[in-house]
Amino acid sequence: MNILLFGASGHIGSAIAGELLSRGHAVTGVTRTGEIAGNGHEGLKVIAGDATDADTVAELSAAGYDAVASAVGPKLGVDDDHKIIVGAANALIEGLTRSGVRRVVVLGGAGSLEVAPGVKVIDNPNFPAVWKQNALAQSEALALYRQAGSLDWTFISPAAQIEPGARTGNYRIGGEQLLVDAEGKSQISIADYAVAFADELERGDAIQARITVAY
């Protein structure tokens, strides 16, 4: 496939780009500057673009792409979470609708996953304050995608803990509930999240749905 990837410069976006390239897909990464410092992905084309601008999304995605991927996320403590996350959701929905690209797979958040009926991860009083606005913005973005009937979207929430680690190729898929292992931990490596992301982009098993992935 020919894939346009917004947010290609972040840790998760870079891992997704590398995974897709390793499978033989053509990937064009979009970053704010049009550059990725220390880009080590052979064959990755990088262009400048603003994922929160619908005109930019429409213009870039109209250039013959089969699908769009978004790993857009704010820099912790630097960017406005709502502006970046919700802004990107609005711009992607409007821009892709205009360009005619239906397939989009999005990096989501874990905060809106349920830990019990009607109780979400973010409802925990011990939920880290530093991630609260990010989680709220991701929840709002998910609601926007759920109203985007013109797109074949998939919103992929990671485990509660996603961090650097080995690529094992193993993961479990869930729906609206937080996945935990036998020890009650919810975790996945960035590399294996990228595997799951690429798998869903290729297979299209969860169209117009949110899924979560974890060990």
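Throughout what follows, the structure given in this document is the object of discussion.

Conventions and cut-offs
Residues numbered from 1 in each chain as written. Predicted model: local features only at pLDDT ≥ 70, side-chain atom pairs only at ≥ 80, totals over all residues. Heavy atoms only, no water. Pairing = 2+ DSSP bridges. Helix = DSSP H or I, 4+ residues; strand = E, 2+ residues; numbered from the N terminus. Axes fitted to C-alpha atoms, helices over the stretch in contact; angles between N-to-C directions. Contact = heavy atoms within 4.5 Å. Patch = residues over 30% accessible without salt bridge, like charges linked within 9 Å, V, L, I, M, F, W, Y side chains within 5 Å. Areas by Shrake-Rupley, 256 points an atom, 1.4 Å probe, with all protein chains shown as cover. Salt bridge = Lys/Arg side-chain N within 4 Å of Asp/Glu carboxyl O. Expected span 1.5 Å × (residues − 1). Buried < 20%, exposed > 50% of the residue type's maximum accessible area, 1.4 Å probe, protein only.

Another aspect to go through is the sheet that holds strand β12 (residues 209-214). Read across the open sheet, the 8 strands follow the order β3-β2-β1-β4-β5-β8-β12-β10; overall the sheet is mixed. Bordering the open sheet on either side are β3 (45-48) and β10 (172-174), each of which pairs with just one other strand. Between one strand axis and the next, the sheet turns through 25 degrees on average, direction left out of account. Pairing between strand β1 (residues 2-6) and strand β4 (residues 67-70): 4 bridges, direction parallel. What sits directly across from Leu5, in β4, is Ala69. Together, β1, β4, β5 (103-107), β8 (152-157) and β12 form the strand contacts of helix α5 (residues 190-203), whose direction differs from that of β5 by roughly 165 degrees.

On the surface, a nonpolar cluster with roughly 300 Å² of combined accessible area is contributed by Leu76, Val130 and Trp131. Within the fold, Trp131 resides in the loop between β7 (119-120) and α4 (132-146).

Take helix α1 (residues 11-22) next. Counted at 1.5 Å a residue, the expected span for α1 with its 12 residues is 16 Å, and the 17 Å between its end C-alpha atoms agrees. Among the residues making up α1, those that are buried are Ile12, Gly13, Ile16, Ala17, Gly18, Glu19, Leu20 and Leu21. Those residues of α1 that are buried are in contact with β1, β2 (26-31), β5, β9 (161-163) and α5. Looking one or two residues beyond α1, the residue adopting positive phi is Gly24, at roughly 90 degrees.

Further remarks concern the pattern of salt bridges. One pass over the full model with this rule turns up 12 salt bridges. Linking Glu202 and Arg23 is a salt bridge whose minimum nitrogen-to-oxygen distance equals 2.8 Å. Of the two residues, Glu202 sits in helix α5 while Arg23 sits in the loop between α1 and β2, which places them 179 residues apart along the sequence. On the basis of relative accessible area, Glu202 is assigned to the partly exposed category, the value being 36%. Here Glu176 and Arg146 are joined by a salt bridge, their closest N and O atoms 2.8 Å apart.

Looking now at the pairing of β8. Walk down a regular strand and you will see the side chains alternate between the two sheet faces. Within β8, 5 of the 6 residues are buried, which leaves it mostly tucked inside the rest of the structure. Where β5 lies against β8, 5 bridges are found, and the strand directions are parallel. Within the sheet, the bridge partner assigned to Val106 lies in β8 and is Phe155. Pairing between β8 and β12: 4 bridges, direction parallel. By the bridge assignment, Ile156 is partnered in β12 with Ile211.

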